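# Coordinate analysis (summary)
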Amino acid sequence: MKAGTTLWYNSPAKAWTQSLPIGNGTLGGMIYGTTSKETISLNHDQLWTGRPKNTVKEGAPESFKKARDLALEGKLHEAQEEIESNFQSVWSQAYMPLGDLEIDFGICGLIKNYRRYLDLENAVSGVEFTCRGVEYKREYFASYPSNIIAAKLTSKGGKMNFKLGLVSKLRSNSFVENDTVILDGECHGENNVNNEASDKKYFDEPEMRGMGFRAVAKVITDGTIKAVENKISVSDATEAVIFFTSETSFNGWNKHPYLEGKEYKKPCMERIAAVCDYEKEKAAHIADYRNLYGRVELYLGEGKDDMPTNKRLVAYKRDKSDISLVTLVYNYGRYLAISASRPGSQASTLQGIWNDRLTPPWHSNYTVNINTEMNYWPVLMCRMPEVNQPLIDMVKELSESGEKAAMGQYGAKGWTSHHNVDLWRLSTPVAGNACWAFWHGSSGWLCEHLFDHYEYTLDVDYLKNTAYPVMRKAAEFYLDIMSEYEGKLVLAPGTSPENGFIYQGKTCNVARYSTMSMSIARELFENCIKSCEILGIDSDFAATLKDTIANMADFKIGSDGQLLEYDDDYPEHEPHHRHVSHLYALHPARLITVDETPELAKACRRTLERRGDNGTGWSLGWKINFWARLMDGDHALKLIELQLRPVKSIGVNYTKGGGTYENLFDAHPPFQIDGNFGFVSGITEMLMQSYNGKIYILPALPSKWKNGKVSGLLAKGNVIVDIEWNDGKAASYSLEGKGKFTVIVGGKETEVELNGEKVTFNV
């Protein structure tokens, strides 16, 4: 077994966070591997409650201006009360589970040689065991080329019998036609009846109806098939192949799923009829998947790959010598990124594409004050720009709905979005506490991903036609709502998701302005200026942005040497809060760097020391990236080790106790996939960082990682980077790309010029 490439277990899953995920960006499945009755928990990325609707709050612009004036006058509690009473809108809609594919084998007896696995190199999951002398094998994959989930069941030394059916928690009915089980259903028309979060309802009125869907499973076997009520019965088989697919009535974020929904039943049946050769489908799937996954390879050393993954995770808590477990979780994160986001799919949610609950945590939506963005941190640096496409598409759509939010909520130009987004591109602020609901930073943050895509790929046409128009509109919004405070331009009022402070003896969440929002706007302005210069356009607009930046309030350092989170050095309500939003300028932005702004970098370090290392799963993932940016590999490794703490699959702590579930899903807890991706980007930045024409080789290598190598990383400027190190120091590195770059190894700078060929440098 190759180090760090396979999750495996010697017992079936008893909980959803023990089961193994497969996915093709649109269809998701969770494999339990139970011997007598197999369950595959199914998802389709378009299955959401609700429909498009106007969510702008009437009278919101006047409320915003009132809250702004109150905040600038220092009446912060009054400003928060105004926002929460008169400015906020409605909750987001929710991502729904499709249902379960159930296969009842009726196997009983002593089970021997059980093994359940997920092969990350081929994106194939499987189950193997022996019972009463019969060897059973099951194999599963989710194919992007054919948009199917496929399973192959075999028995050696005896025949197998089973019944197969499709069930759903949504309003649905199933029936059989020949060799195919069909499930037709509908999502709730509303998830938030009377704006009560998760109070779902179906409707009969056409204008209130929800998303329609069809799911089908076809069986091909050497056994005998017959229909038994709404299930397929297979008897006396030694081999059976199951093909599954699904389609919905979703016809776009601004189209009603019932009144304007697309035809979905016929395409679903045509797709399932077209697949018949399992081995052909498997070969096409593996070739497609490897084209992405195989671009990067990491080796940190050997470990306990012969130990079941769940036991390995527990053992790591006591003994950190199992270094290939880190490699396994790194590779798993890349696997999840590919499985949850592909061209044509929706962007990955808080749970990727995997959800088994009608009332999922936080609606399993797009929480865009860190979580959605974190989902996409590793995809460009791991050389998978294709995987970034669904996020780009979502931001483009959000910029359209966000124009209504900007004008309707603020009376402002441009576009904006807030804390939550859903399939229908909700862009207005949700209900609840202002600490999360009143925050218009997501539009700027999401635009960073648009510009990053250009910086990694150098696709000028993309910058001109896709990224810059959206970025410009986002910048126009921030320009339009800026006001003056103490002679400086600020975004007032301001919040720092999802934290608060003590003001006049009480907890408060609304300040005059926040460091995070100011940092996001500043970075967006700078990226727009760069875009104007690259494209040779909009010089007047660029000049306006430069003048604005020169007059914006700058960073402040507090009494304990920390970077201030707000406009003043307020006492902290929760000193060890999981969010460290005010360090946005350190990561993901590069407004603060160790090389160019050492005093501010020192303040960021002090902030992290005060916050502490502990936190929820995604928070630990973000902190890995912070410490990598501070070029402290040993401290980054401490966060990696904390994130690999085993978490039980039963029981939830929403504010602390983050770690990793048995199936290596990130535990907030509950499950949030963002920590898996923060883990990958953090390790990548420990090994290689790039910005402004600089490429850092091993900037934050932990002292424990003595020997290793990584290949296929992507630096900004479209440069492929390979690195090998021995005894804790770089031994060699290779660069492939075009242009002039400054390479920094161990503090030593080397100027290199690349002409498209791969060049190797020995250190």
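First, a word on what this report is: a plain description of the structure on this page. (Residues numbered from 1 in each chain as written. Predicted model: local features only at pLDDT ≥ 70, side-chain atom pairs only at ≥ 80, totals over all residues. Heavy atoms only, no water.)

## What about the overall build of the chain?
Looking only at helices and strands, the chain has 18 helices and 31 strands in total. Computed over its C-alpha atoms, the radius of gyration of the chain comes to 26 Å, within 12% of the 27 Å expected for a compact globule of 763 residues. In terms of its C-alpha atoms, the chain occupies a principal-axis envelope of roughly 85 × 70 × 50 Å. Buried residues in the chain amount to 65% of all 763 residues. Contacts in the chain between residues at least 24 apart in sequence constitute 68% of all its contacts with a sequence separation of at least 6. In the chain, the 85 positive side-chain charges and the 98 negative ones have mean positions that sit 5 Å from each other. (Helix = DSSP H or I, 4+ residues; strand = E, 2+ residues; numbered from the N terminus. Rg over C-alpha atoms; globule rule 2.2 N^0.38 Å. Buried < 20%, exposed > 50% of the residue type's maximum accessible area, 1.4 Å probe, protein only. Contact = heavy atoms within 4.5 Å. Lys, Arg positive; Asp, Glu negative; His and termini not counted. Charge placed at Lys NZ, Arg CZ, Asp CG, Glu CD.)

## Some points on unusual backbone geometry
The phi angle of most residues is negative, glycine excepted, and most peptide bonds adopt the trans form. Going from alanine 492 to proline 493, the amide bond is cis rather than trans, its omega being -10°. Secondary-structure assignment places proline 493 in the loop between strand S21 (488–490) and strand S22 (501–503). Cis peptide bonds are those with omega within 30 degrees of zero, and the linkage from histidine 668 to proline 669 qualifies with -15°. Structurally, proline 669 is set in the loop between strand S25 (666–667) and helix H18 (674–687).

## Comments concerning the sheet that holds strand S12 (residues 180–186)
With antiparallel pairing, the 9 strands of this open sheet are ordered in space as S1-S6-S7-S8-S9-S16-S13-S12-S11. Since the sheet does not close on itself, it has two edges, and those belong to strand S1 (6–9) and strand S11 (171–177), each with one partner. With strand direction ignored, the average angle separating the axes of adjacent strands in the sheet is 15°. (Pairing = 2+ DSSP bridges. Axes fitted to C-alpha atoms, helices over the stretch in contact; angles between N-to-C directions.)

## Some details on the sheet that holds strand S2 (residues 20–23)
In spatial order, the strands read S2-S3-S4-S5-S10-S15-S14; together these 7 strands make up an open sheet with antiparallel pairing. Across the chains shown, the open sheet's two edge strands, defined by having one partner strand only, are S2 and strand S14 (224–228). Neighbour-to-neighbour, the strand axes of this sheet turn through a mean angle of 20°, independent of strand direction.

## Here's the deal with helix H13 (residues 515–535)
An ideal rise of 1.5 Å per residue puts 30 Å on 21 residues; H13 measures up with 30 Å between its terminal C-alpha atoms. Within H13, 17 of the 21 residues are buried, which leaves it mostly tucked inside the rest of the structure. Trailing H13 by a residue or two, glycine 536 shows a phi angle of about 65°, which is positive. (Expected span 1.5 Å × (residues − 1).)

## Description of the packing of helix H1 (residues 60–72) against helix H9 (residues 385–410)
Contact geometry of H1 with H9 gives a least axis separation of 5 Å together with a crossing angle of 65°. With respect to each other, H1 and H9 are oriented roughly perpendicular. Within the contact between the two elements, H1 uses Ala60, Pro61 and Phe64 and H9 uses Met407, Gly408, Gln409 and Tyr410. The class makeup of the residues in the contact of H1 with H9 is 5 nonpolar, 2 polar and no charged. (Parallel < 35°, antiparallel > 145°, perpendicular 65-115°, else oblique. Nonpolar A, V, L, I, M, F, W, Y, C, P; charged D, E, K, R; others polar.)

## Overview of the packing of H9 against helix H12 (residues 460–481)
The axes of two packed helices give the description: the angle between them and the distance between them. Running from amino to carboxyl end, H9 crosses H12 at an angle of 25°, the nearest separation of the two axes being 11 Å. The angle between the axes of H9 and H12 places the two elements in the roughly parallel class. Seen from above, H9 lies across H12 with left-handed handedness. Packed against H9, whose contacting residues are Ile392, Val395, Lys396, Ser399, Glu403, Ala406 and Tyr410, the element H12 presents Tyr462, Thr466, Val470, Lys473, Phe477 and Ile481 at the interface. (Left-handed = near helix turned anticlockwise from the far one by under 90°.)

## Re the pattern of salt bridges
Summed over all chains, the structure comprises 42 salt bridges. Between aspartate 184 and arginine 214 there is a salt bridge; the shortest N-O distance is 2.7 Å. Of this pair, aspartate 184 sits in strand S12 while arginine 214 is found in strand S13 (residues 212–221), placing the two residues 30 residues apart along the sequence. Taken as a pair, aspartate 184 and arginine 214 share a single burial class, namely buried. Residue aspartate 613 pairs with lysine 638 through a salt bridge whose shortest N-O separation is 3.4 Å. (Salt bridge = Lys/Arg side-chain N within 4 Å of Asp/Glu carboxyl O.)

## Focus on the side chain of asparagine 625
Inspection of the secondary structure assignment puts asparagine 625 in helix H16 (residues 617–629). With near-sequence residues (within four places) excluded, asparagine 625 lies in contact with Trp377, His587, Gly678, Ser681 and Gly682.

## Side note on the nonpolar core
Membership of the largest hydrophobic core comes to 227 residues, with the highest contact counts inside it found for Ile640, Ile683, Ile697 and Trp705. Leave out the neighbours within four places in its chain, and isoleucine 697 touches Leu687, Val721, Ile723, Ala730, Tyr733, Val743, Ile744 and Val745. Of all hydrophobic cores here, the second largest spans 13 residues; its members include Ile148, Ile182, Val216 and Cys268. (Core = buried A, V, L, I, M, F, W, Y, C linked by side-chain atoms within 4.5 Å.)

## Some remarks on the packing of aromatic side chains
Scanning the model with the defined rule gives 34 aromatic pairs in all. With 5.7 Å between their ring centres and 45° between their planes, tryptophan 48 and tyrosine 95 make a pair best called tilted. Of this pair, tryptophan 48 sits in the loop between strand S4 (37–44) and H1 while tyrosine 95 sits in the loop between helix H2 (76–86) and strand S5 (99–104); the two residues are 47 residues apart in sequence, bridging distant segments of the chain. For the pair tryptophan 48 and tyrosine 95, one class covers both residues: buried. Ring geometry for phenylalanine 451 versus tyrosine 454: centroids 5.9 Å apart, planes at 40°, classification tilted. Placement of both phenylalanine 451 and tyrosine 454 in helix H11 (residues 442–457) is noted, with a separation of 3 residues, approximately one turn of the helix. For tyrosine 454, a relative accessible area of 9% puts it in the buried group. Chaining the aromatic ring pairs together yields one cluster made of Trp16, Tyr289, Tyr293, Tyr332, Tyr335, Trp354, Phe665 and Phe671. (Phe/Tyr/Trp six-rings, centres within 6.5 Å; stacked < 30°, edge-to-face > 60°.)

## Quick notes on the pairing of strand S28 (residues 708–715)
Buried residues dominate S28, accounting for 6 of its 8 residues. As judged from the 3 bridges shared by strand S17 (residues 297–299) and S28, these two strands associate in the antiparallel manner. Residue pairing across strands places leucine 298 opposite valine 710, the latter belonging to S28. The pairing of S28 with strand S29 (residues 719–726) spans 6 bridges and is classified as antiparallel.

## Focus: the environment of glycine 708
The residue glycine 708 is located in strand S28 in this model. What makes glycine 708 buried here is its relative accessible area of 7%. If we skip the residues at most four places from it in the chain, glycine 708 touches Tyr299, Ile723, Glu724 and Trp725.

## Notes on H11
Over its 16 residues, H11 extends 23 Å from the first C-alpha to the last, a length consistent with the 22 Å expected when each residue adds 1.5 Å. Counting buried positions over the 16 residues of H11 gives 16, a clear majority of the element.

## Considerations on the pairing of strand S9 (residues 148–156)
A large share of S9 lies buried, amounting to 7 of its 9 residues. Judged from the 9 bridges that link them, strand S8 (residues 134–143) and S9 form a sheet pairing that is antiparallel. Within the sheet, the bridge partner assigned to arginine 138 lies in S9 and is leucine 153. The turn joining S8 and S9, which pair antiparallel and follow one another in sequence, is formed by 4 residues; a positive phi near 55° is taken by asparagine 147. In this structure, S9 lies alongside strand S16 (residues 239–248), joined through 6 bridges in antiparallel fashion. Counted as the bridge partner of isoleucine 149 is phenylalanine 244 from S16.

## Some points on the environment of phenylalanine 741
Along the chain, the position of phenylalanine 741 falls in strand S30 (residues 729–745). Residue class for phenylalanine 741 comes out buried when judged on its relative accessible area of 7%. In the structure, phenylalanine 741 is positioned 375 residues away from tyrosine 366 in sequence and 36 Å away in space, judged by C-alpha atoms.

What is shown is where atoms sit, not what they do.
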